[in-house]
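# Remarks on the overall topology
Okay, here's what each chain looks like letter by letter:
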Amino acid sequence: MENNFEDLIESFIANKVGVSENFLSETLCENLKANLIALDSESSMKTAGVGNDGHMFYDNLIRNDKIYWLDKKHNDSFENEFFEKIEEFISYLNQSCYTNIKSYEFHYSLYEKGSFYRKHLDQFQDDAKRQYSMISYLNADWVKKDGGELLIYEEKNNHTINPTQGKTVFFKSDELLHEVLTTNEKRMSITGWLKRG
């Protein structure tokens, strides 16, 4: 397990973008994906907005994915297993890198064919609590023609990351502009933020 954590931290230190190919187990990915698909079939996934609290608005020219917020109160065993992994990673991160992360928030994210999320930062202008962004992908058998890559912009070397199942990506929420390129197949993930406060 610590190897997965070190994969994220070491690649983050080297490249500003941490990547672990197998942060989540195949079994957990399949169970979380089944949850997401069930929620979508029940129309529980909701159109994602842009902004926060009183500044929220909806613009399908900026993003057109659907989300569902995870919560321990739902008492779902697979989501709780995911939370346990995140909490262990936060503990490891705080001990090894003195990051002072105190909380987190995550949601399922579903991009239907033709969906995207244009270039953006993950930290709000009026709220700096989000420190690190984390995305865990739930897409088995993903190939290049399926699209939906995460494109992270940097001055010298942009990163293009395929959303393959089990992979987790980790980066500073206030530093790196990024976007989700148009997907040609259904694209699923758990997306969230590690927060101070």
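Before reading further, recall that the structure is shown in the block above.
The text that follows walks through the structure, step by step, so that each part is easy to find.

Thresholds, definitions, all that
Residues numbered from 1 in each chain as written. Predicted model: local features only at pLDDT ≥ 70, side-chain atom pairs only at ≥ 80, totals over all residues. Heavy atoms only, no water. Pairing = 2+ DSSP bridges. Helix = DSSP H or I, 4+ residues; strand = E, 2+ residues; numbered from the N terminus. Contact = heavy atoms within 4.5 Å. Axes fitted to C-alpha atoms, helices over the stretch in contact; angles between N-to-C directions. Phe/Tyr/Trp six-rings, centres within 6.5 Å; stacked < 30°, edge-to-face > 60°. Buried < 20%, exposed > 50% of the residue type's maximum accessible area, 1.4 Å probe, protein only. Lys NZ or Arg CZ within 6 Å of the ring centre and 35° of its normal. Polar contact = N/O pair within 3.5 Å; in protein donor to acceptor, adjacent residues only side chain to side chain. Core = buried A, V, L, I, M, F, W, Y, C linked by side-chain atoms within 4.5 Å. Parallel < 35°, antiparallel > 145°, perpendicular 65-115°, else oblique. Left-handed = near helix turned anticlockwise from the far one by under 90°.

### Section: the sheet that holds strand S4 (residues 103-111)
Ordered in space as S1-S9-S6-S11-S4-S3-S2, the seven strands form an open sheet in which the pairing is antiparallel. Pairing within the sheet leaves two strands with one partner each, and these edge strands are strand S1 (18-20) and strand S2 (46-47). Inspection of the sheet shows strand S3 (residues 66-69) paired to S4 by four bridges, in the antiparallel sense. Directly across from Tyr68, in S4, lies its bridge partner Tyr108. Contacts from helix H2 (residues 26-41) reach S3, S4, strand S6 (130-137) and strand S11 (187-195) within the one sheet, and its direction differs from that of S4 by about 65 degrees. Seen against the sheet, helix H3 (residues 77-97) touches S4, S6, strand S9 (168-172) and S11 and runs at an angle of roughly 130 degrees to S4.

### Considering the packing of aromatic side chains
For the coordinates displayed, the defined rule picks out 14 aromatic pairs. Relative to Phe89, the ring of Phe23 has its centre 5.9 Å away and its plane inclined at 90 degrees; by these criteria the two rings are edge-to-face. Here Phe89 lies in helix H3 and Phe23 lies in the loop between S1 and H2, a separation of 66 residues in the sequence. No difference in accessibility class separates Phe23 from Phe89, as the two residues are buried. Seen from the ring of Tyr153, Lys119 lies directly overhead, with NZ or CZ sitting 4.1 Å from the centre. Sitting above the plane of the Trp193 ring, Arg130 keeps its charged end 3.5 Å from the centroid.

### A few points about the side chain of Thr99
Topologically, Thr99 is positioned in the loop between H3 and S4. One polar contact links Thr99 to Asn94, side chain to side chain, over a distance of 2.6 Å. Every residue in contact with Thr99, bar those within four places of it in the chain, is listed here: Leu93, Asn94, Tyr132 and Arg196.

### Thoughts on the nonpolar core
Grouped together as the largest cluster of nonpolar side chains are 32 residues, with contacts concentrated most on Phe82, Phe89, Tyr108, Met134, Phe170 and Leu194. For this core, the secondary-structure elements that each account for two or more residues are helix H1 (2-15), H2, H3, S4, S6 and S11. In terms of residue count, H3 provides more of this core than any other element does, seven residues in total. Setting aside residues up to four positions removed in sequence, Phe82 forms contacts with Leu24, Leu28, Leu32, Leu70, Phe106, Ser136 and Ile190. Ranked by size, the runner-up nonpolar core spans nine residues in total, among them Val17, Ile152, Val169 and Phe171.

### Quick word on the packing of H2 against H3
Orientation of H2 relative to H3, taken along the N-to-C sense of each, is 130 degrees, at an axis distance of 9 Å. Relative to H3, H2 is oriented oblique. Considering only the axes of H2 and H3, their crossing is left-handed. Listed contacts from H3 to Leu28, Asn31, Leu32 and Asn35 of H2 are Phe78, Glu79, Glu81 and Phe82.

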